[in-house]
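So you can see what is in the structure, the chains are spelled out below.
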Amino acid sequence: MSISETVSHRKNRLWTAFRTNRLAWVGLLLLSLIVFAAIFAPVVAPCDPAEQNILRRLEPPSADFWFGTDAYGRDILSRVIYGSRVSLMVGFLAILVAMVVGSTIGIISGYVGGIFDRVVMSVLDVMLSFPTLLLGLMIAAMLGASLENLIIAIAITEIAPFARVARAPTMALKQREFIEAGRAMGFGRVRLMGLHIFPNMASEVVVVGSMWMASAIRTEASLSFIGLGVPPPTSTWGAMIRDGFDNILDAWWLSVFPSLAILLTVLALNFVGDSIRDAIDPKTQAE
Amino acid sequence: MTAYVIRRLLLAIPTLLMMLTLIFVLVRLVPGDPAITILGDQATEQALSNLRIELGLDQPIYVQYLDFVIKAVTGDFGRSLFTGRTVFEEVLLVLPYTLELAAASVLLAALLGLPLGIVAALYRNLWPDYMSRVVSMIGLSLPSFVTGILLLLAFAVNLGWLPVISKSTGSLAGHLLSLILPTLTLGITMMALIARVARSSMLTVLNEDYIRTAKAKGVRSARLIRKHALRNAMIPVVTVIGLYFGTLIGNSVLTEIVFSRPGLGKLIVGALNSRDYTMLQGLMVVFAAFVIAVNVITDIAYGFVDPRVKLS
């Protein structure tokens, strides 16, 4: 059997393992709905999320306002829909940044090896052992509340896992003939790492990214809840819950609907991520 | 065993130094002049330079670094810019509340999570397994402030069974009652994690040859599970509890806000809101020390649970 056959066979098996997993489909369906709502928010949302109506404030869910209205008379359903944009964007961009920075660090560290590698890895271990939320909270607090800073803060907390994932295959790949051949032909280190090593692990890094996105979205919501998220008037789920929390005794809908939105989004991402992990994990396949 | 413990303690020193360095760098990343950030841009030049001297910002960077490390190692974590108390005193004031909550949560998580995971493994791919997996998936997906708010609405607001604000009323019963919801909130995620790890580790152990041998020799299944399988399946669970402890403390920030409980989390948010940067830096050091201590304790506990560890 040639190598290419083994690879395509493996891919097929992974796909079958993923496809036959019912939870994976539930997750994908939920996720598509959420992404759809986020992209087409202006069409899907019944009202303008910032439009205030002092006459209809703090109304419970009704036929007019399915999720009720908040203390400024804004439609909660519309705000939840628009809030998905912030959560998904911050989650996606933070993971993207962490993925690029983390795998770069991992590849360089694995390729260079030696003392450099050991120092880098122990720094990453230290970062891993520090609670994500606290690290994100500290960085966000230091940088100040804004969309960019939030993305940077969350990205920093997620760098370590990517570096670890990228490092291990690099150490194996750098011993392989094709890298040696490239070296013999006088290719620079950057070219070898970027064009020859990275493509060989890109899929693994992306898979890890899909699994960590749930965590990034959870951190975003938590930081917004603490008050370190995207500043108002942008609607974010975490901030909506925090605002609604002031009225929790007489207006439950203010915080319940954004809470459910967070739960469903993270759950959907976890379903998908878990199914991918189950599909890759050789232990679950053997059965 | 003693040699193992000592070696593990020595290994913690470089980690601690690394963490201190990381915190130092992180705090220096703050854009702009920290003195202006703390006092505001209306402050006089005199006040600014006084504060810079007080914070040691007029010194070269390596002096600041050495000063920071030496002070941190000797237990001087700085002084709050607002209350005037040292970070250490502030932490001691609220630490019992956080520790009480954390301990109760770990206990609850272990008591519920272990049986959940073990039952799931024993009834693999049957309904108890699916139930347990869905429960743990939901538990892992919920950010703790969402759990807290949903529990608060259900049990305190709607049903009125438990107090909304967990303020200690003085009586022991009232105190324990007010601890229930925060403990549930914080414990659910950890319970989910323990259930999941216990399940997979139990499955791995049940496939081992020695279990099959014991079964073939006619060991009764209750005894087989308790004496042979469970002991080995516990090892990863202990590690997970230790590793997750840091996150648990991190999540206590959210739980303490939701239930307006005093604690380390409240302290951090307070420092954040008053832009008390020396306090924040000090609290980070305290947390770092805490996390390292828990990791060391976990490793040592690991040595007790698994005798093979200390040999390597």
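In what follows, the structure referred to is the one given above.
Computed from a prediction, not measured in an experiment: that's the story for all the values here. (Residues numbered from 1 in each chain as written. Chains lettered and ligands numbered in written order. Predicted model: local features only at pLDDT ≥ 70, side-chain atom pairs only at ≥ 80, totals over all residues. Heavy atoms only, no water.)

Can you lay out the overall build of chain A for me, pointing to particular residues and giving the numbers?
Scanning chain A from N- to C-terminus turns up 14 helices and 0 strands. The order of α-helices and β-strands along chain A, N terminus first, is α-α-α-α-α-α-α-α-α-α-α-α-α-α. With respect to the principal axes defined by its C-alpha atoms, chain A has extents near 75 × 45 × 30 Å. Taking all 287 residues of chain A together, 50% fall into the buried category. Partitioning the intrachain contacts of chain A with sequence separation of at least 6 by distance along the chain shows that 71% fall at a separation of at least 24. Taken as a whole, chain A presents about 13,700 Å² of accessible surface, with 66% of it coming from carbon and sulfur. Each charge class in chain A was averaged separately, 22 positive and 22 negative side chains, and the resulting centres sit 10 Å apart. (Helix = DSSP H or I, 4+ residues; strand = E, 2+ residues; numbered from the N terminus. Buried < 20%, exposed > 50% of the residue type's maximum accessible area, 1.4 Å probe, protein only. Contact = heavy atoms within 4.5 Å. Areas by Shrake-Rupley, 256 points an atom, 1.4 Å probe, with all protein chains shown as cover. Lys, Arg positive; Asp, Glu negative; His and termini not counted. Charge placed at Lys NZ, Arg CZ, Asp CG, Glu CD.)

Describe the overall build of chain B, with residues and values.
Counting its regular elements, chain B contains 12 helices and 0 strands. Order of helices (α) and strands (β) in chain B, N terminus to C terminus: α-α-α-α-α-α-α-α-α-α-α-α. Across its three principal axes, chain B shows a C-alpha extent of roughly 85 × 55 × 35 Å. Counting only residues that meet the buried cut, chain B has 46% of its 312 residues in that class. Taking as baseline every contact in chain B between residues at least 6 positions apart, the subset at least 24 positions apart corresponds to 73%. In the structure as shown, chain B presents an accessible area of about 15,400 Å², 67% of it carried by carbon and sulfur atoms.

Lay out helix α7 (residues 144-158) of chain B in plain terms, naming residues and giving numbers.
Residues and elements named next belong to chain B. For α7, with 15 residues, the first-to-last C-alpha span of 20 Å sits near the 21 Å given by 1.5 Å per residue. By the largest-angle criterion, Leu 152 marks the main kink of α7, which is about 30°. Downstream of α7 by a residue or two, Gly 160 has a phi angle that is positive, lying close to 70°. (Expected span 1.5 Å × (residues − 1). Bend = angle between axes of the 7 residues up to and from the residue.)

I'd love a proper account of unusual backbone geometry, names of residues and values included.
All names here are of chain B. With a phi close to 35°, Ser 260 is a non-glycine residue in the positive phi region. By the element assignment, Ser 260 lies in the loop between α10 (221-258) and α11 (264-273). For Ser 260, a relative accessible area of 30% puts it in the partly exposed group.

Lay out the interface of chain A and chain B with the relevant residues and their values.
As a measure of interface size, the accessible area lost when the parts come together is often cited. The interface of chain A with chain B comprises 40 residues on the first partner and 43 residues on the second. Together chain A and chain B conceal approximately 3,800 Å² of surface at their shared face, both sides included; 82% is due to carbon and sulfur atoms. The three residues of chain A that bury the most area against chain B are Val 126, Met 138 and Met 142 of chain A, which together make up 17% of that side's buried surface. Where chain A packs against chain B, one counts 0 salt bridges. Elements represented by at least two residues in the side of chain A that touches chain B include exactly α5 (114-129), α6 (132-143), α11 (202-226), α12 (237-245) and α13 (253-280) of chain A. The dominant element in the side of chain A that touches chain B, judged by the number of residues it contributes, is α13 of chain A, at 12 residues. Tallied by class, residues from the side of chain A that touches chain B come to 29 nonpolar, 6 polar and 5 charged. (Buried area = accessible area lost by both parts, 1.4 Å probe. Salt bridge = Lys/Arg side-chain N within 4 Å of Asp/Glu carboxyl O. Nonpolar A, V, L, I, M, F, W, Y, C, P; charged D, E, K, R; others polar.)

Go over the nonpolar core, please, and point to the residues and values.
With 143 residues, the main nonpolar core has Ile 226 of chain A together with Phe 145 and Leu 280 of chain B as its most contacted residues. With 14 residues, the single largest contributor to this core is helix α12 (residues 277-305) of chain B. Filtering out sequence-adjacent residues up to four positions away, Ile 226 of chain A remains in contact with Leu 137 and Arg 242 of chain A together with Val 253, Leu 254, Ile 257, Val 269 and Leu 272 of chain B. Within the second largest apolar cluster, 10 residues are counted, among which are Ala 121, Leu 203, Val 205 and Ile 211 of chain B. (Core = buried A, V, L, I, M, F, W, Y, C linked by side-chain atoms within 4.5 Å.)

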